[in-house]
Amino acid sequence: MKKTIKYNLSGIIPDELLQLVPSSFDILGAKGDAVAIIEIPDELEEYETQIGEAICKVHHNVKSVLGKKSERHGEFRLRDMKLLVGDEDTEIIHKESGCRFKLDPRVTYFSVRESTERERIISQITGPEDVLVLFGGIGPFPICISKKRPDVTALSIELNPDAHRYCLENIRLNKLEGRVSAILGDVREVAPSLGKQFDRVLTPLPKGAYLFLDVIVPTVKPGGILHHYHWASDLDSYSEAYTLVDEAAAKYGRKTEFLGGVRVAKYSPRVSKVRIDVRIY
Ligand SMILES: C[S@@+](CC[C@H](N)C(=O)[O-])C[C@H]1O[C@@H](n2cnc3c(N)ncnc32)[C@H](O)[C@@H]1O
């Protein structure tokens, strides 16, 4: 029988604290080459090495365990993380939807929890399209979309040089050269210089993508779709984001149509990361 993490910690952590050991955490990577990322409550800080060791005992594929030490911060949306146990080299290859992604979670944003959201976007694409992914990170959206839809070409724009480097490598790993391309730079500067418009544009930066709407709107073809991400109150998830898009479009004399919205993930008890889909005429 496979022993649980708590089982491995009994006798090491006092019984009254054992219940605080998190039962869920993220694992990125594959066989023998995975990294676990866990948020350990303050009360258990003195036991974090033992918790890391227990995770490795139960999950034999985990080579390193990282403890979350902060919220995501800064332009690159990274968090401080501490190596609790294992290999100092935390670069891994993660598999999702038949794609492979090389990355180091200590220097780039990547969320395994957003695979469902990527599937939802893919399911909306039915024909040949040019897709622009702003704030593209290591490339999960453009690569997953293009792998599933052979008639799609995609372009990713990303500011973090490490994420961009991994994106280029992931395009090669997934044999998508020629169909997926990536530009290193600030969306504010790169978007106006593209000189073309796209059938579908994604803005997966919930913290502040709305501040770029003035340069984002012109990248959408007339009749194209903007998938716009935002942080919103659970009391009214979509109105603010839609008003911001509509006002930005109006400045270019363009009309919009709200197609729908989805709550992608909880951010705090009353705030979620949401996506709205808007057609821009
Ligand atoms: C929330 S992450 C999403 C990354 C990726 N789309 C994904 O789903 O994994 C947002 C990304 O936007 C990048 N970013 C932030 N400001 C940017 C800017 N002004 N121009 C380009 N990229 C930016 C960050 O470095 C980060 O990788």
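Up top is the structure these notes are about.
A quick note: this is a predicted structure, and the numbers were derived from the prediction, not measured.

Analysis parameters
- Residues numbered from 1 in each chain as written.
- Predicted model: local features only at pLDDT ≥ 70, side-chain atom pairs only at ≥ 80, totals over all residues.
- Heavy atoms only, no water.
- Pairing = 2+ DSSP bridges.
- Helix = DSSP H or I, 4+ residues; strand = E, 2+ residues; numbered from the N terminus.
- Axes fitted to C-alpha atoms, helices over the stretch in contact; angles between N-to-C directions.
- Salt bridge = Lys/Arg side-chain N within 4 Å of Asp/Glu carboxyl O.
- Buried < 20%, exposed > 50% of the residue type's maximum accessible area, 1.4 Å probe, protein only.
- Near = heavy atom within 4 Å.
- Polar contact = N/O pair within 3.5 Å; in protein donor to acceptor, adjacent residues only side chain to side chain.
- Areas by Shrake-Rupley, 256 points an atom, 1.4 Å probe, with all protein chains shown as cover.
- Contact = heavy atoms within 4.5 Å.
- Parallel < 35°, antiparallel > 145°, perpendicular 65-115°, else oblique.
- Left-handed = near helix turned anticlockwise from the far one by under 90°.
- Nonpolar A, V, L, I, M, F, W, Y, C, P; charged D, E, K, R; others polar.

*Asks:* Any details on the sheet that holds strand 3 (residues 62–68)? Residues and values, ideally.
*Replies:* Read from one edge of the open sheet, four strands run 1-2-3-4, paired in mixed fashion. Whereas interior strands pair on both sides, the edge strands pair on one side only; in this sheet they are strand 1 (26–30) and strand 4 (81–86). Put simply, the sheet's adjacent strands are angled 20° from each other on average, direction ignored. Pairing between strand 3 and strand 4: five bridges, direction antiparallel.

*Asks:* Residues and numbers for the pattern of salt bridges, please.
*Replies:* Taken as a whole, this structure holds 20 salt bridges when the rule is applied. Across the salt bridge formed by K69 and E48, the nearest N and O atoms sit 2.9 Å from each other. Of this pair, K69 sits in the loop between strand 3 and strand 4 while E48 sits in helix 3 (residues 48–58), placing them 21 residues apart in sequence. The partly exposed category is assigned to K69, whose relative accessible area is 37%.

*Asks:* With reference to specific residues and values, describe the site of the ligand.
*Replies:* What surrounds the ligand is a group of 19 residues, the closest being E75, F135, E158, D186 and V187. At 3.1 Å, a backbone N or O of L159 approaches a nitrogen atom of the ligand. The side chain of D186 places a nitrogen or oxygen atom 2.9 Å from a nitrogen atom of the ligand. Look at the ligand: alone it shows 600 Å² of surface, and the protein chains cover 97% of it.

*Asks:* Hey, could you go over the side chain of H230 for me, with residue numbers and the actual values?
*Replies:* Relative to the elements of secondary structure, H230 occurs in strand 11 (residues 220–233). Assessed through its relative accessible area of 3%, H230 is described here as buried. Of note is the side chain of H230, whose polar atom sits 2.8 Å from the side chain of E240. Discounting residues that sit within four places of it in the chain, H230 has contacts with P206, Y210, E240, A241, L244, S272, K273 and V274.

*Asks:* Give me the packing of helix 4 (residues 115–124) against helix 5 (residues 140–148): which residues, what numbers.
*Replies:* Here helix 4 crosses helix 5 at 45°, and the two axes come no closer than 10 Å. By the criterion of interaxial angle, the relationship of helix 4 to helix 5 is oblique. Between helix 4 and helix 5 lies a crossing whose hand is right-handed. For the pair formed by helix 4 and helix 5, the contact residues are E117, R118, E119, I121 and I122 on the first element and P140, F141, C144, I145 and K148 on the second. For the contact of helix 4 with helix 5, the class distribution of residues is six nonpolar, no polar and four charged.

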